[in-house]
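Inside the fold
The lines below spell out each chain.
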Amino acid sequence: MSERFEIRLSDEYRMKIRELATHYETTASDAVRRAIDELYEEWRIEQRRLLVERMLTGELPDDVPDPEELSRQLDATYDLPDIY
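In short, a report on the structure. Only a predicted model underlies this, so the values are computations on that prediction, with no experimental measurement involved. (Residues numbered from 1 in each chain as written. Predicted model: local features only at pLDDT ≥ 70, side-chain atom pairs only at ≥ 80, totals over all residues. Heavy atoms only, no water.)

Details of the packing of helix α1 (residues 11-23) against helix α2 (residues 28-56)
Which entries qualify depends on this criterion: Orientation is described by axes fitted as lines to C-alpha atoms, over the contacting stretch for helices, and by angles from 0 to 180 degrees between their N-to-C directions. Secondary structure elements follow DSSP: runs of H or I no shorter than four residues count as helices, runs of E no shorter than two count as strands, and numbering proceeds from the N terminus. Throughout, the term roughly parallel applies to angles under 35 degrees, roughly antiparallel to angles over 145, roughly perpendicular to angles from 65 to 115, and oblique to all others. Note on contacts: a residue pair is in contact if any heavy atoms of the two residues lie within 4.5 Å. For this classification, Asp, Glu, Lys and Arg are treated as charged, while Ala, Val, Leu, Ile, Met, Phe, Trp, Tyr, Cys and Pro are nonpolar and the rest, including Gly, are polar.
The N-to-C vectors of α1 and α2 enclose an angle of 95 degrees; their axes lie 8 Å apart at closest approach. The angle between α1 and α2 falls in the class roughly perpendicular. From α1, Ile17, Leu20 and Ala21 reach across to α2, where they touch Ala28, Ala31 and Val32. Its residues placed into classes, the contact of α1 with α2 shows 6 nonpolar, no polar and no charged.

Focus: a nonpolar patch on the surface
Applied cut-off: Candidates for patches are residues over 30% relative accessible area with no salt bridge; among them, like charges are joined within 9 Å and nonpolar side chains (Val, Leu, Ile, Met, Phe, Trp, Tyr) within 5 Å. For every accessible area listed, the method is Shrake-Rupley and the probe measures 1.4 Å; residues are considered covered only by the protein chains on display. The working definition used for a salt bridge is a side-chain nitrogen of Lys or Arg within 4 Å of a carboxyl oxygen of Asp or Glu. Burial here depends on accessible area, computed with a 1.4 Å probe over protein chains only, as a share of the maximum for the residue type. Under 20% is buried, over 50% is exposed, and the range in between is partly exposed.
Together, Val64, Leu70, Leu74 and Tyr78 line one region of the surface with nonpolar side chains, adding up to about 320 Å² of accessible area. Of note, Tyr78 is situated in the segment after α3 (67-77). For Tyr78, a relative accessible area of 38% gives the class partly exposed.

Some points on the pattern of salt bridges
This structure, assessed with the given rule, holds 6 salt bridges. The salt bridge involving Glu12 is made with Lys16; its shortest N-O contact spans 3.3 Å. With Glu12 and Lys16 both in helix α1 and 4 residues apart, this pair spans about one turn of that helix. For Glu12, a relative accessible area of 46% puts it in the partly exposed group. One salt bridge connects Glu53 with Arg49, and the closest N-O pair in it is separated by 2.9 Å. Here the residue Glu53 and the residue Arg49 both occupy positions in helix α2, the gap between them amounting to 4 residues, near one helical turn. A relative accessible area of 41% places Glu53 in the partly exposed class. Connected through shared salt-bridge partners, Glu46, Arg49 and Glu53 make up one network.

Right under this line is the structure:
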């Protein structure tokens, strides 16, 4: 890890983290990181869903890249090989 981040939690949240850590046989810190990753991914999925919805209704953002650039960006995001 490269940076320490301190957060104050109620007893209830500390108990929840300890229960998650015990269930997944990991540390409390790792349980928090996993929760952040999962919540972040849910947010990213929702953002993509909203963009597709906007595209289907014809409401496109002004800064949409051309298809090849968009494909490269998606490939880079998901570590897919460049097929071009």
